[in-house]
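Take a look at the letters that make up each chain.
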Amino acid sequence: MLRWIVLLLITLVVFDSLKPWLARFGLGRLPGDLNFRFLGRDWSLPIGTAVLLTLIGEVIAHLLS
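Summary of the structure given here.

Quick notes on the rules
Every residue gets a number counted from 1 within its own chain, in the order that chain's sequence is written. Reporting of local features is limited, given that this is a predicted model, to residues whose pLDDT is at least 70; pairs of side-chain atoms are given and counted only at 80 or more, and all residues count toward the totals for whole chains, interfaces and linings. To obtain the side-chain values, all non-hydrogen atoms of the structure were used and water was disregarded. A pocket here means an open set of points on a 1 Å grid, computed over the protein atoms alone, that has protein on both sides within 12 Å along at least five of seven lines. A cavity is instead a set of points where a 1.4 Å probe fits but cannot get out; residues with an atom within 4 Å of a point line either one. Grid points are joined across faces, edges and corners, and a volume is the space filled by probe spheres set on the points. Put simply, DSSP H or I for four residues or longer makes a helix, DSSP E for two residues or longer makes a strand, and each gets a number counted from the N terminus. Asp, Glu, Lys and Arg are counted as charged, while Ala, Val, Leu, Ile, Met, Phe, Trp, Tyr, Cys and Pro are counted as nonpolar; the rest, among them Gly, fall into the polar class. A simple rule labels every residue: compare its accessible area, found with a 1.4 Å probe on the protein chains alone, to the largest value its type can have, and call it buried under 20%, exposed over 50%, or partly exposed in between. In protein, a polar contact means a hydrogen-donor-capable atom and an acceptor-capable atom, both N or O and within 3.5 Å, with residues adjacent in sequence counting only if both atoms are side-chain atoms; elsewhere, any N or O pair within 3.5 Å suffices. Residues count as neighbours in contact if any of their non-hydrogen atoms are within 4.5 Å of one another.

Picture a little ball the size of a water molecule; that probe, rolled over the atoms, points out where space is still empty. What the largest pocket holds in volume is close to 330 Å³. Lining the largest pocket are 18 residues, and of these Leu12, Asp16, Trp43, Ser44 and Pro46 sit closest to its centre. Among the elements of the structure, α1 (2-23), β1 (33-38) and β2 (41-46) are those that each provide at least two residues to the lining of the largest pocket. Looking at the lining of the largest pocket, the element that brings in the most residues is α1, giving seven residues. Taken together, the residues that form the lining of the largest pocket break down as ten nonpolar, four polar and four charged. Taken together, Leu7, Leu8, Thr11, Leu12, Phe15, Leu45, Pro46, Ile47, Ala50 and Val51 form the lining of the second largest pocket. Elements supplying a minimum of two residues to the lining of the second largest pocket: α1, β2 and α2 (47-64). The greatest single-element share of the lining of the second largest pocket, amounting to five residues, is contributed by α1. Per-class residue counts for the lining of the second largest pocket are nine nonpolar, one polar and no charged.

Right, here's the structure in full:
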């Protein structure tokens, strides 16, 4: 259980740091992406973007194998 929580936190940090770069391509504003303000900071949970990037990664892995 702890491993999944650590993985989730690492994923959120990576997406948060890549957010400006991904926004140029429209990612982070897909249906299913949650953006909200809490304690004076903007937070985002890019669920839709994560699903899209996972599908793209699976297609690329399938084509390369």
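Now that the structure is up, let's keep going.
For the rest of this paragraph, the subject is the side chain of threonine 49. Relative to the helices and strands, threonine 49 is located in helix α2. What makes threonine 49 buried here is its relative accessible area of 1%. For threonine 49, the side chain forms a polar contact with the side chain of aspartate 33, separated by 2.7 Å. Beyond its immediate stretch of four places on either side in the chain, threonine 49 contacts Phe15, Leu27, Gly28, Leu30 and Asp33.

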